[in-house]
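One-letter residues, chain by chain:
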2 protein chains.
Amino acid sequence: MLQIWALPGIGEISPGADLVAVIRAAVDADSRADADLRDGDIVVVTSKIVSKAEGRILRADDREDAITRETVRLVASRTSPAGHVTRIVENRLGIVSAAAGVDASNTPEGTVLLLPEDPDASARALAAGLRQATGARVGVLITDTLGRAWREGQTDHAIGAAGVHVFEDLRGTTDAEGRPLIVTLPCVADEIAAATDLVKGKAARLPVAVVRGREDLVGDLDLPGARSIVRPAERDMFHLGADEAYAAGFEAGRAAAD
Amino acid sequence: MLQIWALPGIGEISPGADLVAVIRAAVDADSRADADLRDGDIVVVTSKIVSKAEGRILRADDREDAITRETVRLVASRTSPAGHVTRIVENRLGIVSAAAGVDASNTPEGTVLLLPEDPDASARALAAGLRQATGARVGVLITDTLGRAWREGQTDHAIGAAGVHVFEDLRGTTDAEGRPLIVTLPCVADEIAAATDLVKGKAARLPVAVVRGREDLVGDLDLPGARSIVRPAERDMFHLGADEAYAAGFEAGRAAAD
């Protein structure tokens, strides 16, 4: 049985806030019998409050600058008939997303929020702090909402991880017919991130959830972080948008014919 | 509180099996106090057993034929140094995945499994049958394991749906600052599919899970199915692999220069 719940009563987070103390207080305020954190629980935190605590806030008139600053590489862009430009970019962290994770929702008017500087490091600090404060050997994931190729809508993904196996290691295991499961590498960190969006919601102020029931995925704090989920562009068949790749090919083809 | 559990004791599924009866028997065999299906529960079924029940089995020496038959369009392909070809294709259902969903794991030696002919129709039949058999107004999702652009590993996604809102409709809602949440369209069906992979596992024979706690997402059987999650190629910035788009552009550029 997997149980997933959002922590109640987490208010506005300000720069410098101690998230370990905030989460601990929210756990303590939860009056249910089993609310205390336990060994093997996974604490899943929306990146937005990590960014706020880390002071990753910019004035909104810097939004395009902020996107550009966070962008390592333009992957694809498209202009709508109404003139709205969607930019899909690779950001500093290697993550491919719209607008480099620069966020203008749920922030004070006139400001934007950048992603945490190093979400894996943020997750490690939070996991170490929570382990020390509660005595429970918990894992931590930090999540962001990302769009996908080929499918409409967004789902939450893990962009930071500490003390959690981000992939389920099936190497050496076999399927029910006894054949090795060689191809499958379930990204359990992204599956946990997605699951917690179902209790955290977007409009509500419920930025932290707890997942109980996959104790086997919790481990040492030096396990590989969410950076290991990112596929390097050179190994990605979709490292560039189709229109952008076509245009580059067209130029090269024309030059080659000259 | 979201609760997710796998149904115990579902054995091998044979062509012609009555999945309503199979799932009902598994629910009845579950001795926990709250195991009976209730209004608002979402029953999440791995496509593999739906395919088996529907007899979508082919002899394995037809595997490449089966992939080709299921393929509407080659999206991208890559040959590894060892000569292994990975084909990313769009299948009959519009779903972009490796090998068109043709599956050779967890099937009897010498056979492959195709995806259900029409997973939304399968989900509707299952949901209608379960509602009639149990009296509980449940929703049904049918899932498949899919790889992603830009990220390593796979996660489970919804390829069939009935009686469940596949997107959370946030139109008209506002964020905590009172601004409209216009861009965000959470694909809750994919998030639920991902969540249930955490209890179903790949090697275990646990192909059915129940999600309890999002009763608000369950509705009429004629809600849009999982087909509505598929982004049509003409609206997808990644409708073609970068190498394939570059090559097409190169040919066009060379021809234009002639």
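Before reading further, recall that the structure is shown in the block above.
Right, let's walk through the structure included here. All of these numbers come straight from a predicted model, not from anything done at the bench. Within any chain, residue numbers begin from 1 and follow the written order of that chain's sequence. Labels are handed out in written order, letters beginning with A for the chains and numbers beginning with 1 for the ligands. Side-chain atom pairs in this predicted model are given and counted only at pLDDT of 80 or more, local residue features only at pLDDT of at least 70, and totals for whole chains, interfaces and linings cover all residues. Calculation of side-chain values draws on the structure's entire complement of heavy atoms; hydrogens and water are dropped beforehand.

A word on helix α6 (residues 242-257) of chain B. The terminal C-alpha atoms of α6 of chain B lie 22 Å apart, and with 16 residues this matches the ideal 22 Å at 1.5 Å per residue to within 8%. With a 1.4 Å probe rolled over the protein chains alone, any residue whose accessible area is under 20% of its type maximum counts as buried; one over 50% counts as exposed, and the rest are partly exposed. Elements are defined by DSSP. Helices are runs of H or I of four residues or more, strands are runs of E of two residues or more, and each kind is numbered from the N terminus. Taken together, the buried positions of α6 of chain B are Ala242, Ala245, Gly249 and Gly253 of chain B. Take α6 of chain B and look down its axis: the buried residues cluster within an arc of 70 degrees, on one side only. In this structure, the buried side of α6 of chain B is in contact with α6 (242-257) of chain A. One less than the residue count of a helix, multiplied by 1.5 Å, gives the span that helix is expected to have. Note: the arc covers the axis-to-C-beta directions of the helix. In this description, contact between two residues means that some pair of their heavy atoms is separated by no more than 4.5 Å.

For this analysis, a ring pair means two rings from Phe, Tyr or Trp (six-membered ring only for Trp) whose centres lie within 6.5 Å, classed as stacked if their planes differ by under 30 degrees, edge-to-face if by over 60, and tilted for the remaining angles. One pass over the full model with this rule turns up four aromatic pairs over all chains. On the basis of an interplanar angle of 80 degrees and a centroid distance of 4.9 Å, the ring pair of Trp150 of chain B and Phe238 of chain B is categorised as edge-to-face. Linking Trp150 of chain B in the loop between β8 (139-147) and β9 (154-162) with Phe238 of chain B in the loop between β10 (208-212) and α6, this pair joins segments that are 88 residues apart in sequence. The exposure classification of Trp150 of chain B matches that of Phe238 of chain B, with both residues buried. Against the face of Trp5 of chain A rests Arg32 of chain A, its NZ or CZ located 4.8 Å from the ring centre. For a ring to carry a charge above it, either NZ of a lysine or CZ of an arginine must fall within 6 Å of the ring centroid while also lying within 35 degrees of the normal to the ring plane.

This paragraph deals with the packing of helix α5 (residues 188-200) of chain A against helix α5 (residues 188-200) of chain B. Geometrically, a packed helix pair is captured by the angle between its two axes and the distance between the axes. For helices, the fitted axis covers only the stretch in contact; all axes are lines through C-alpha atoms, and the angles between them, taken along N-to-C directions, range from 0 to 180 degrees. The geometry of α5 of chain A relative to α5 of chain B is characterised by a closest axis approach of 8 Å and an angle of 125 degrees between their N-to-C directions. The angle between the axes of α5 of chain A and α5 of chain B places the two elements in the oblique class. Handedness of the crossing formed by α5 of chain A with α5 of chain B: left-handed. Between α5 of chain A, through Val188, Glu191, Ile192, Ala194, Ala195, Asp197 and Leu198 of chain A, and α5 of chain B, the contact on the second element is made entirely by Val188, Glu191, Ile192, Ala194, Ala195, Asp197 and Leu198 of chain B. Here is the rule for angles: anything less than 35 degrees is roughly parallel, anything more than 145 is roughly antiparallel, 65 through 115 is roughly perpendicular, and the remaining ranges are oblique. Two helices cross in a left-handed way if the nearer one is turned anticlockwise from the farther one by less than a right angle. They cross in a right-handed way if the turn is clockwise.

The pairing criterion for strands is at least two bridges between them, as found by DSSP. Here we have 10 strands laid out as an open sheet, ordered β9(A)-β8(A)-β2(A)-β10(A)-β1(A)-β1(B)-β10(B)-β2(B)-β8(B)-β9(B), and mixed in their pairing. The strands lining the two open edges of the sheet, one partner per strand, are β9 (154-162) of chain A together with β9 of chain B. Between one strand axis and the next, the sheet turns by 25 degrees as a mean value, whatever way the strands run. Across four bridges, the pairing between strand β2 (residues 42-46) of chain B and β10 of chain B is antiparallel. Note on β10 of chain B: the bridge partner recorded for Ile42 of chain B is Val211 of chain B. Contacts from helix α4 (residues 119-134) of chain B reach β2, β8 and β9 of chain B within the one sheet, and its direction differs from that of β9 of chain B by about 65 degrees.

Here we come to the relation of the copies chain A and chain B. When chain A is fitted to chain B, the residual RMSD is 0.0 Å, and the transformation amounts to a turn of 180 degrees plus an axial shift of 0.0 Å. Each copy turns onto its partner about a two-fold axis. In this assembly the copies share their binding face: 100% of the residues contributing to the interface of chain A also contribute to that of chain B. A residue counts toward the fit only if its pLDDT is at least 70 in both copies, and the copies are then superposed by least squares on the C-alpha atoms of those residues.

Our next topic: the interface of chain A and chain B. Tallying the contact residues gives 84 residues for chain A and 84 residues for chain B. Interface area, chain A with chain B, both sides summed: about 7,400 Å², of which 58% is carbon and sulfur. A pairing counts as a salt bridge when a side-chain nitrogen of Lys or Arg comes within 4 Å of a carboxyl oxygen of Asp or Glu. Remark: the boundary between chain A and chain B carries eight salt bridges. The definition of a polar contact used here is a pair of N or O atoms within 3.5 Å, where within protein one atom must be able to donate a hydrogen and the other to accept one, and adjacent residues in sequence count solely through side-chain atom pairs. Our count for the contact surface shared by chain A and chain B stands at 38 residue pairs in polar contact (both at pLDDT 80 or more). Listing elements by their share of the side of chain A that touches chain B, those giving two or more residues are β1 (2-6), β4 (71-79), β5 (85-91), β8 (139-147), β9, α5 and α6 of chain A. Polar here means any residue other than Ala, Val, Leu, Ile, Met, Phe, Trp, Tyr, Cys and Pro, which are nonpolar, and Asp, Glu, Lys and Arg, which are charged; Gly is therefore polar. For the side of chain A that touches chain B, the residue count by class is 43 nonpolar, 18 polar and 23 charged. When two parts are put together, the accessible area they lose, computed with a 1.4 Å probe and summed over both, is reported as buried area.

Taken by themselves, the reported measurements are silent on function.
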